[in-house]
Amino acid sequence: ITPMLVPITRTKFEQLIPILATGSQYKYCWGKWSDFLQRVIISIAAIALIYAFLRFLSPDDVEWQAPIPMVIGGLYWWWIPIVLASRRNWETRQFPYSGFWRGEVLDIYVTDKLVSEKETVDNKGNLVVIEDIETRLNLELGDETGFSTEISVPWKKAYKSIAPGQMVEMLVMSYRPDLSSFAKVSDVYLPDLNFWLSDYPCLRRDAFMEIGQQIDDDYY
């Protein structure tokens, strides 16, 4: 595999990292069923607080003042994932320089990560600690120039097909114009397997694959 690091323009970078949340980013920030229920509770509480506050300020005019803020507060469960994902995108867009990087998988290993602990009492009255353990896949990526980095993602059965030596591609971000050091890396694409590795889908993946194809056309 020929290592490759190609700077990309600011325009292309901003195409890859959108301002507003994409569908996959919204889905990621939507979270689990418990996260949704928590947001619904917050939405209901927001409606009650907004109505009570407006009624306190203007008891006679609350009927026409309340609808808009109450609708905004009541839809908290829906719009907060957009805000969370868009904020992450904004933070990523602060890096001034970026590039398309191609390397390979150097090493693979699996670890268990403690996500949370919960204390409860069993039938005999004994204190029991329940641990939520998440199995994660860890990959060391690098190239012949000596660059290497590691990524960690939740384990999936499909990842069994990943092997050292397979090609990987990703977007790298830096504070240096020459990209001599990386401050952040994106989702990782494995062309041989045609799937992605990421904890959070920060890229517009269709646009990234188009850029990779354009670079191949220019170089080869």
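To be clear, the structure that these remarks concern was listed above.
Here the structure is a predicted model, which is why all the values come from computation and not from measurement.

Caption draft 1: Region of interest: the nonpolar core. Of all hydrophobic cores here, the largest spans 21 residues; its most connected members are I8, L16, I17, L171, L203 and F208. Of all elements in the fold, only β1 (4–7), α1 (10–16), β5 (167–174) and α7 (205–219) reach the threshold of two or more residues within this core. Of the residues forming this core, the biggest block, 4 residues, is contributed by α7. Not counting the four nearest positions on each side in its chain, I17 is found in contact with N89, T92, R93, L171, C202 and L203. Counting 16 residues, the second-largest nonpolar core is a separate cluster that includes W101, L139, I151 and V188.

Caption draft 2: Molecular detail of the layout of surface pockets. Each pocket or cavity is described by its volume, and for the largest pocket that value is around 580 Å³. Forming the walls of the largest pocket are 22 residues, and the residues nearest its centre are Y28, G31, K32, D35 and E134. Looking at the lining of the largest pocket element by element, the count peaks at 5 residues for helix α3 (residues 33–57). When grouped by side-chain class, the residues that make up the lining of the largest pocket number 10 nonpolar, 3 polar and 9 charged. By volume, the second largest pocket is sized at about 330 Å³. Around the second largest pocket, the lining is made up of 14 residues, and of these Y28, K156, S198, D199 and R205 lie nearest the centre. Contributing elements (two or more residues each) for the lining of the second largest pocket: α2 (23–30), β4 (148–154) and β7 (195–197). Tallying contributions element by element places α2 first for the lining of the second largest pocket, with 3 residues. Residue composition of the lining of the second largest pocket, grouped by class: 8 nonpolar, 2 polar and 4 charged.

Caption draft 3: Region of interest: a nonpolar patch on the surface. A contiguous nonpolar surface patch, about 270 Å² in accessible area, is contributed by V71, L75 and W78. With respect to the helices, strands and loops of the structure, L75 is situated in the loop between α5 (67–74) and α6 (76–92). Residue L75 is classed as partly exposed on the basis of its relative accessible area, which comes to 34%.

Parameters at a glance
Residues numbered from 1 in each chain as written. Predicted model: local features only at pLDDT ≥ 70, side-chain atom pairs only at ≥ 80, totals over all residues. Heavy atoms only, no water. Core = buried A, V, L, I, M, F, W, Y, C linked by side-chain atoms within 4.5 Å. Buried < 20%, exposed > 50% of the residue type's maximum accessible area, 1.4 Å probe, protein only. Helix = DSSP H or I, 4+ residues; strand = E, 2+ residues; numbered from the N terminus. Contact = heavy atoms within 4.5 Å. 1 Å grid on protein atoms, 1.4 Å probe; cavity = no way out; pocket = protein on both sides within 12 Å on 5 of 7 lines; lining within 4 Å. Points joined across faces, edges and corners; volume = space filled by probe spheres on them. Nonpolar A, V, L, I, M, F, W, Y, C, P; charged D, E, K, R; others polar. Patch = residues over 30% accessible without salt bridge, like charges linked within 9 Å, V, L, I, M, F, W, Y side chains within 5 Å. Areas by Shrake-Rupley, 256 points an atom, 1.4 Å probe, with all protein chains shown as cover. Salt bridge = Lys/Arg side-chain N within 4 Å of Asp/Glu carboxyl O.

Remember, this is a structural readout, not a statement about activity or role.
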